[in-house]
Amino acid sequence: MSYHLTNVLALKRAEKGLSQQELAASIGVSRKTISTVETGRFTPSVIIALSLAKFFEVAVEDLFELRAAEGDSE
Amino acid sequence: MNKVINPEQEHEYILHNSRISISLGFGLAVLTTDQIFNLSDKSMLVSASFYLIAALFVISTSYFLIKSNKFIKQSFSKNAWMGTYHDEFLNSVSLLGYKLSALVMSLIALLAMCFGDSLSDIVSLKALGTALVSLSFLIYGVVTYIKLHQDEDEEAP
């Protein structure tokens, strides 16, 4: 079974009224990293996932969710 | 001593590297074409065009190399010179560039190994070497440039 990672990073960022650049600077990554994580083009490492969760003061599971890829049976 | 690395500087640096690679790759491709077809010995128009194109690539590569001075002054991390970036996304883009470049080089080397005897009548070893270096620069440059510009229109609010 294959999985894909979804996230609510853009939503959480919008709630805080932050730009990608501001969020990137807060956790010490490039804006491209934030941009590509939000669009699902790039899967972040545990370090970035934990940094983001810490920044938003939520659990990692509240930011990222692992979903079964479409077409895969349970 | 641990240097504080700014991810945006790294982004600028990898973008700069991709431009140098593309420029150098095209320049070497022009040189390869000359080595195979002897363009500089052809008619006045052909050789003038060849020298003009070659000069353009020499100028653009020199321009990008002079601009590199800025990064040298920033006492950039030794890792970045080795193609390893502190920022994860940039590192993945750079690795993808290297991987595709190595893959294509290996395929061409494999073809040269299989058809080397018949190829040696058409292409000299020097031209083949120049073509390989040119391709490796071009592939690394184009791949990193595309990957770095893929999400440009999805700029944050």
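Residues numbered from 1 in each chain as written. Chains lettered and ligands numbered in written order. Predicted model: local features only at pLDDT ≥ 70, side-chain atom pairs only at ≥ 80, totals over all residues. Heavy atoms only, no water.

A. Spotlight on the overall build of chain B. Helix and strand content of chain B: six helices and zero strands. When the helices and strands of chain B are placed in sequence order, the string is α-α-α-α-α-α. Relative to its 157 residues, chain B shows a buried fraction of 34%. Carbon and sulfur atoms provide 68% of the accessible area of chain B, an area that totals close to 9700 Å². (Helix = DSSP H or I, 4+ residues; strand = E, 2+ residues; numbered from the N terminus. Buried < 20%, exposed > 50% of the residue type's maximum accessible area, 1.4 Å probe, protein only. Areas by Shrake-Rupley, 256 points an atom, 1.4 Å probe, with all protein chains shown as cover.)

B. Examining the packing of helix α5 (residues 88-119) of chain B against helix α6 (residues 125-149) of chain B more closely. All names here are of chain B. Running from amino to carboxyl end, α5 crosses α6 at an angle of 150 degrees, the nearest separation of the two axes being 9 Å. As summarised for this structure, α5 and α6 are arranged roughly antiparallel, according to the angle between their axes. The crossing of α5 and α6 is right-handed. Across the contact of α5 with α6, the residue classes tally to 17 nonpolar, five polar and one charged. (Axes fitted to C-alpha atoms, helices over the stretch in contact; angles between N-to-C directions. Parallel < 35°, antiparallel > 145°, perpendicular 65-115°, else oblique. Left-handed = near helix turned anticlockwise from the far one by under 90°. Nonpolar A, V, L, I, M, F, W, Y, C, P; charged D, E, K, R; others polar.)

C. Representation of the nonpolar core within the structure. Formed by 24 residues in total, the largest nonpolar core has its most connected members in Leu9, Ile34, Leu52 and Leu63 of chain A together with Ile14 and Leu148 of chain B. Listing elements by their share of this core, those giving two or more residues are α2 (20-27), α3 (31-38) and α4 (46-56) of chain A together with α1 (7-37), α5 and α6 of chain B. Excluding anything up to four places from it in sequence, leucine 52 of chain A contacts Leu9, Leu23, Ile27, Ile34, Leu63 and Phe64 of chain A. (Core = buried A, V, L, I, M, F, W, Y, C linked by side-chain atoms within 4.5 Å. Contact = heavy atoms within 4.5 Å.)

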